[in-house]
Amino acid sequence: MSSPSYSTTAAADLQQDLVRAGFYPQMIQDVLAEAMVNRPVLDHYVHLETHFDRTEVHRHITVLVLSDAALFIIHVDDQQLDDHGSEIVAQVSTEMTALKRIASVATSYVFHQPQHYRSGEEVRELTFGLSWNGTTRLDLAPAGCGDPACDADHGLSGTAQPEDLVIRVSAEADGQNAVNKARRFAVRLRQATSF
């Protein structure tokens, strides 16, 4: 599978950010190349997260790549299969969403000391969410009725929840540069999906 064209500045920046994140960069580049099928890279955002579960450290990465008519979303989780960490697997999921299907790009800003705010001041924390109703999670359970003696089959009941994307970035946890990049990407994505 050929790699995405890294001759453009945007694609070269993506490659540098993947290498800088250090979380299986070649694997992500190869999966991304397969997903994008030679589409151009216009912009991107790489979000690496670490969380702790008792004595284990878990990392996962979400890579958003804006192309000419689509948004590509790559998410990678890894998992240790043994106590020594010698057996590790990575699960990679990809999704391509047409820009015209993105229904909403929501952004929430946190400014410290707003009473001293001046135009152009940096955002200290940013949350942006995308809604496209592409993937839906179904939670189903057997349906019942109010009669405790009833043993009839009432089918299933449950909920369907859209699996849209929300990313939170803070200067304290991720650095101010990451917040600034996320803000620029959210603006660029909003421009690309404006109706």
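Here, the structure is the one placed above.
As the structure is a prediction and not an experimental result, all values here were calculated from the model. (Residues numbered from 1 in each chain as written. Predicted model: local features only at pLDDT ≥ 70, side-chain atom pairs only at ≥ 80, totals over all residues. Heavy atoms only, no water.)

1. Looking at the overall build of the protein
- When its secondary structure is counted, the protein shows 4 helices and 9 strands.
- Walking the protein from its N terminus toward its C terminus, one meets helices and strands in the order α-α-β-β-β-β-β-β-β-β-β-α-α.
- Within the protein, the proportion of its 195 residues that are buried is 31%.
- The contacts in the protein between residues at least 6 apart in sequence include a share of 60% that link residues at least 24 apart. (Helix = DSSP H or I, 4+ residues; strand = E, 2+ residues; numbered from the N terminus. Buried < 20%, exposed > 50% of the residue type's maximum accessible area, 1.4 Å probe, protein only. Contact = heavy atoms within 4.5 Å.)

2. Remarks on the side chain of Asp78
- Relative to the helices and strands, Asp78 is located in strand S3 (residues 70–80).
- In this structure Asp78 is buried but unpaired, with Arg59 as the nearest side chain of opposite charge at 4.7 Å.
- There is a polar contact of 2.8 Å between the side chain of Asp78 and the side chain of Tyr24.
- When neighbours within four sequence positions are excluded, Asp78 is seen to be in contact with Phe23, Tyr24, His58, Arg59, Ile88, Val89 and Ala90. (Lys, Arg positive; Asp, Glu negative; His and termini not counted. Salt bridge = Lys/Arg side-chain N within 4 Å of Asp/Glu carboxyl O. Polar contact = N/O pair within 3.5 Å; in protein donor to acceptor, adjacent residues only side chain to side chain.)

3. Examining the packing of aromatic side chains
- Applying the stated rule across the entire model yields 5 aromatic pairs.
- Between Tyr45 and Phe128, the aromatic rings sit 6.3 Å apart at their centres with planes inclined by 75 degrees, giving edge-to-face as the arrangement. Here Phe128 lies in strand S6 (residues 125–131) and Tyr45 lies in strand S1 (residues 43–53), a separation of 83 residues in the sequence. Each member of the pair Tyr45 and Phe128 is classed as buried.
- Here the aromatic rings of Phe111 and Tyr117 are separated by 5.2 Å at their centres, their planes lie at 75 degrees, and the arrangement is edge-to-face.
- What makes Phe111 partly exposed here is its relative accessible area of 28%. (Phe/Tyr/Trp six-rings, centres within 6.5 Å; stacked < 30°, edge-to-face > 60°.)

4. Description of helix H4 (residues 176–192)
- End to end, H4 covers 24 Å across 17 residues, agreeing with the expected 24 Å (1.5 Å per residue, within 8%).
- Where H4 is concerned, the buried positions are Gln176, Ala178, Val179, Asn180, Ala182, Phe185, Ala186 and Leu189. (Expected span 1.5 Å × (residues − 1).)

5. Remarks on the sheet that holds strand S9 (residues 165–170)
- A sheet is described by the order of its strands in space; here 3 strands give the open sequence S5-S6-S9, paired in antiparallel fashion. The two strands at the open ends of the sheet, each matched to only one other strand, are strand S5 (104–110) and S9. Taken pair by pair, the neighbouring strands of this sheet meet at an average axis angle of 10 degrees, ignoring direction.
- With 7 bridges joining them, S5 and S6 adopt antiparallel strand pairing. Bridge assignment links Tyr109 to a residue of S6, and that residue is Leu126.
- Across the sheet, H4 touches S5, S6 and S9, and the angle it forms with S6 is around 30 degrees. (Pairing = 2+ DSSP bridges. Axes fitted to C-alpha atoms, helices over the stretch in contact; angles between N-to-C directions.)

6. Focus on the pattern of salt bridges
- Enumeration over the complete set of coordinates arrives at 6 salt bridges.
- Residues Arg20 and Asp17 are paired through a salt bridge, measuring 2.5 Å at the closest nitrogen-oxygen approach. Separated by 3 residues within a single helix, Arg20 and Asp17 lie in helix H1 (residues 9–21), roughly one turn from each other.
- The partner of Asp68 in a salt bridge is Arg39, with the nearest N and O atoms 3.6 Å apart.

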